[in-house]
Amino acid sequence: MTKTVRIDRAKRLREEPHTGHNRWHPDIAPIIEVAPGEDVALETRDANDLQIGPRTTAKDLEKLERNVAHPLTGPVYVKGAQPGDLLEIEYLDVIPERYGWTRFAPGGAFLPELFDYHFVAHWDITPQYATSPQLPGVRIPNGAFMGTAGLAPSHAQLNKWAAREAELKNRGGRVWLPDAENAFPPKVGADGLRTIPPRENCCNADIKQLTKGSKLFIPVAVDGALYSVGDGHFAQGDSECCGTAIEMAATAVVRFRLHKGEAAAKRIVWPRFSHPGFFAPPESAAPKNFIGTMGMPITREGRNESCDLSLAAKNAVINMIELLEERGWTKEQAYVICSVAVDLRVSNVVDVPNVTVSALLPEDIFNH
């Protein structure tokens, strides 16, 4: 039997604050408790918390509250989860709502110097395709996934990540620092981390391969793991270059599995993900059965760099080499395997400062 967390899709998070949050903090109380192996369906709002609708114009976008992203549903308390465990989240389904939008804005995304104005496209979503009157003749196939999902940080992580991002901000980096305005729950607003960048707890990685059937693996930092999800995307290109995908409200149906002590034993710090049969348009050229690692622009010493894709790519490869070493390959063998078989995919270039590169290893190359 599937447990369900329902929301009123006509109400914003501030009107139903008991359903979720829009900051990361270990003191946010769980809204539901599940056991490993149980299924839970989590209804979610879109990334801008219902501020954009079918009649929204480019002019209307000038009035958007930008500090409400992303309204997440959760946290979910997973029974038995403890720091040092590795939590596996299997996406049994991602169910879209009927409406979606894509927008860009001045000062954001990957090409702010070329697109210094507002624009919005509205999408009609069916189970198979999305179409937009702003892009006549274009039909985008369903590649639904959740752009933002993660676990609560520990207090030590919260302080460490806040300090490194503040240090980067002082160096001129593009950083969204804690902001109490429109923070939910309000009690964590002063030091709750923004959901814009991905971090070691995963969060807003915007990896389009995390579709139905995929598995996400995140190290647990607090009792119960405290998983939250939101920011549904009907489809997205690698990089999400204009800053948004086909953004939508959605329902994520997930199942949890605990790998006791594995993150601590194997010193796993960064999230991983896999898919036994990834479905995407043929032009995506992604492997069908893969395991992936993520890389972000953070040095091994813990220094945060701003939007450094080269550093993110290096970290994705290093994390893949370490994964292969866990499987018994030498460091040299792993490096060669990465060179001949691993694809580097630019998952996002816009979730500043932590742009993300993923390394995808096709599992079908083994056991021949």
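Here the structure is shown first, and the text comes after it.
Computed from a predicted model, the values in this text were never measured in an experiment.

J.: Whenever I open this one, the overall build of the protein chain confuses me. Can you help?
T.: Of the regular secondary structure elements, the protein chain holds four helices and 20 strands. Taken against the 2.2 N^0.38 rule, which gives 21 Å for 368 residues, the C-alpha radius of gyration of the protein chain at 19 Å falls within 12% of a compact globule. Across its three principal directions, the C-alpha atoms of the protein chain cover 55 × 50 × 45 Å. A total of 368 residues make up the protein chain; the buried ones form 57% of that total. Long-range contacts, defined as pairs at least 24 residues apart, comprise 76% of the intrachain contacts of the protein chain with a sequence gap of at least 6. Of the accessible surface of the protein chain, which amounts to about 15400 Å², a share of 54% is contributed by carbon and sulfur atoms.

J.: Can you walk me through unusual backbone geometry in this structure?
T.: Backbone geometry follows two general trends: most residues other than glycine have a negative phi, and most peptide bonds adopt the trans configuration. Going from Ala69 to His70, the amide bond is cis rather than trans, its omega being -5 degrees. Here His70 lies in the loop between strand 5 (39–44) and strand 6 (72–78). Cis geometry is found at the peptide bond from Phe184 to Pro185, where omega equals -5 degrees. Unusually for a residue other than glycine, Asp231 sits at a positive phi of about 60 degrees. Among the secondary structure elements, Asp231 is positioned in strand 15 (residues 227–233).

J.: How should I be thinking about the nonpolar core in this particular structure?
T.: One broad rule of soluble globular proteins: the nonpolar side chains tend to lie buried together. With 47 residues, the main nonpolar core has Leu87, Ile89, Tyr91, Leu216, Tyr227, Val254 and Phe256 as its most contacted residues. Here this core gets six residues from one element, more than from any other, and that element is strand 16 (residues 247–259). Discounting residues that sit within four places of it in the chain, Tyr227 has contacts with Leu42, Thr73, Gly74, Pro75, Val76, Ile89, Tyr91, Ala149, Gly150, Leu151, Val254 and Phe256.

J.: Is there a simple way to think about the packing of helix 3 (residues 309–326) against helix 4 (residues 331–341) in this case?
T.: Where helix 3 meets helix 4, the axes come as close as 9 Å, and the angle between the chain directions of the two elements is 125 degrees. Relative to helix 4, the element helix 3 lies oblique. As for how helix 3 packs across helix 4, the hand of that crossing is right-handed. On the side of helix 3, the interface is formed by Val317, Met320, Ile321, Leu324 and Glu325, while helix 4 contributes Lys331, Ala334, Tyr335, Ile337 and Cys338. Its residues placed into classes, the contact of helix 3 with helix 4 shows eight nonpolar, no polar and two charged.

Here is what the cut-offs are and how they apply
- Residues numbered from 1 in each chain as written.
- Predicted model: local features only at pLDDT ≥ 70, side-chain atom pairs only at ≥ 80, totals over all residues.
- Heavy atoms only, no water.
- Helix = DSSP H or I, 4+ residues; strand = E, 2+ residues; numbered from the N terminus.
- Rg over C-alpha atoms; globule rule 2.2 N^0.38 Å.
- Buried < 20%, exposed > 50% of the residue type's maximum accessible area, 1.4 Å probe, protein only.
- Contact = heavy atoms within 4.5 Å.
- Areas by Shrake-Rupley, 256 points an atom, 1.4 Å probe, with all protein chains shown as cover.
- Core = buried A, V, L, I, M, F, W, Y, C linked by side-chain atoms within 4.5 Å.
- Axes fitted to C-alpha atoms, helices over the stretch in contact; angles between N-to-C directions.
- Parallel < 35°, antiparallel > 145°, perpendicular 65-115°, else oblique.
- Left-handed = near helix turned anticlockwise from the far one by under 90°.
- Nonpolar A, V, L, I, M, F, W, Y, C, P; charged D, E, K, R; others polar.

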